[in-house]
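Fold and geometry: a report
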Amino acid sequence: MEYLFYLNGDHPDLARYEITSLLSAYGHDVSLRIIHPQLVLLSSRELPRPALERLSLTHSVGTYMGGMEASTGSLEPSTIGRIMRDEPFSVRIKKLDKGINAMEEERRLARQILSVVSAPVDLVSPAQRIIGFHVAGTIHVANVIASTSAQTFDGRKPQYRPYFHPSSLHPRIARVLVNISQARREVFDPFCGTGGILIEAGLVGLEVFGMDIEEKMVIGTRENLAHFGLEGVVRRGDATHIGDTFDDPFECIVSDLPYGKSTVVAGGRERLYERAFEQMYEHSLHRLVTVIPAFFDFTSRGYTVESHFSIRVHRSLERHIHVLSH
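The text that follows walks through the structure, step by step, so that each part is easy to find.

Some thoughts on the overall build of the chain
If you tally the helices and strands in the chain, you get 9 helices and 14 strands. With respect to the three principal axes, the spread of C-alpha positions in the chain is 70 × 40 × 40 Å. For the chain, with 326 residues in total, the buried portion stands at 54%. Here the chain displays about 14,900 Å² of accessible surface, and carbon together with sulfur accounts for 47% of that area. For the chain, the distance from the average site of its 35 positive side-chain charges to the average site of its 39 negative ones is 6 Å.

The following block contains the structure:
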């Protein structure tokens, strides 16, 4: 079976890596074919719905119905009959490339579908959403099986939580970090701050464990988790001595390390990172996903760098995402 992924356009390399990492964690070895920076196609056995619903940088995933030439082409009737059900449907065309009349293409595609299935068009509350994406003269069509809402993530921005701190990651990025860790059971954040990463991990059904050296952050994280109906084990502790607070190693560690001027530690930020990464090495069983503001020599400390991405926060600051294993 083939699936069409419509990416949201932010950080396309990271979005594709999120797809392959997460599906791999669920036992699917996949290879993506890039049709457009926002559109990728993959062939696989049936994909697990829980994995698709976790995705952050993907707008929608659909069962691929094929590509047809704009204005004149058509889909295979047998494919329409195999993928669609006799239930109400809607049709929408998205112009990733210009050069077509979207409304006319929607009508043309709807007529093709109606010639095969016994189902009415319903633009208000359809049971099936058919989306076509125009790229370079071809319309790629899919029946949507999973989607994410930008409004849902925006509603969890730091300013809408009971305990606020401006340094917290955007929920979409926090979710991506959780997903590329390949966590299936639990996530630990030794610099949990106000709990942004733990919130996203908890919302996808993972057990969450957090730690921060500041008591006010520990209390704030607990409050923020409770606000979203979540529970977790959050304790005050020093990330350079994790074993003093938690005994057992964790499946995955995901953390956005402190980097601002308020980060004060004996020996400076570099020393903090060095000691913390030594501890995280000892307390992670699978992947460690970390965000730091500058280069750090992970390989000399025993890590394998699986992947690296840069995200520009504003003109003078980049955040570097590293996916590590050992």
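A word on the environment of Gly229
Mapped onto the elements of the fold, Gly229 is located in the loop between α8 (215–227) and β10 (233–236). Residue Gly229 is classed as exposed on the basis of its relative accessible area, which comes to 65%. Spatially, the C-alpha atom of Gly229 lies 9.6 Å from that of Ile199, the residues being 30 residues apart in sequence.

Notes on the sheet that holds strand β4 (residues 58–69)
Read across the sheet, 7 strands follow the order β2-β3-β1-β4-β7-β6-β5 without closing on themselves; strand pairing throughout is mixed. Only two strands of the sheet have a single partner each, and these edge strands are β2 (32–36) and β5 (89–95). For this sheet, the mean angle separating the axes of adjacent strands, direction not counted, is 35°. Where strand β6 (residues 128–135) and strand β7 (residues 138–147) come together, 6 bridges link them in antiparallel fashion. Directly across from Ile131, in β7, lies its bridge partner Ala142. Along the sheet face, helix α1 (residues 12–25) touches β1 (2–7), β2, β3 (39–43) and β4 and points at about 140° away from the line of β1.

Some remarks on a nonpolar patch on the surface
Together, Leu114, Val121 and Leu123 make up an exposed nonpolar region whose accessible area comes to about 260 Å². Assignment of secondary structure puts Val121 in the loop between α4 (102–114) and β6. Residue classification places Val121 among the partly exposed positions, given a relative accessible area of 42%.

Considerations on the pairing of strand β14 (residues 317–325)
For β14, a buried count of 8 out of 9 residues is recorded, marking the element as mostly surrounded by other parts of the structure. Bridge analysis of strand β12 (residues 288–292) against β14 gives 5 bridges, and the strand direction is antiparallel. Residue pairing for β14: Val289 is matched across the bridge by Val323.

Some remarks on the side chain of Gln128
With respect to the element layout, Gln128 can be found in strand β6. Residue Gln128 is classed as buried on the basis of its relative accessible area, which comes to 1%. Within the local environment of Gln128, its side chain forms a polar contact with the backbone oxygen of Glu87, the two atoms lying 2.9 Å apart. Among all residues touching Gln128, those that are not within four sequence positions of it are Met84, Arg85, Glu87, Pro88, Phe89, Ser90 and Asn143.

About the cut-offs
- Residues numbered from 1 in each chain as written.
- Predicted model: local features only at pLDDT ≥ 70, side-chain atom pairs only at ≥ 80, totals over all residues.
- Heavy atoms only, no water.
- Helix = DSSP H or I, 4+ residues; strand = E, 2+ residues; numbered from the N terminus.
- Buried < 20%, exposed > 50% of the residue type's maximum accessible area, 1.4 Å probe, protein only.
- Areas by Shrake-Rupley, 256 points an atom, 1.4 Å probe, with all protein chains shown as cover.
- Lys, Arg positive; Asp, Glu negative; His and termini not counted.
- Charge placed at Lys NZ, Arg CZ, Asp CG, Glu CD.
- Pairing = 2+ DSSP bridges.
- Axes fitted to C-alpha atoms, helices over the stretch in contact; angles between N-to-C directions.
- Contact = heavy atoms within 4.5 Å.
- Patch = residues over 30% accessible without salt bridge, like charges linked within 9 Å, V, L, I, M, F, W, Y side chains within 5 Å.
- Salt bridge = Lys/Arg side-chain N within 4 Å of Asp/Glu carboxyl O.
- Polar contact = N/O pair within 3.5 Å; in protein donor to acceptor, adjacent residues only side chain to side chain.

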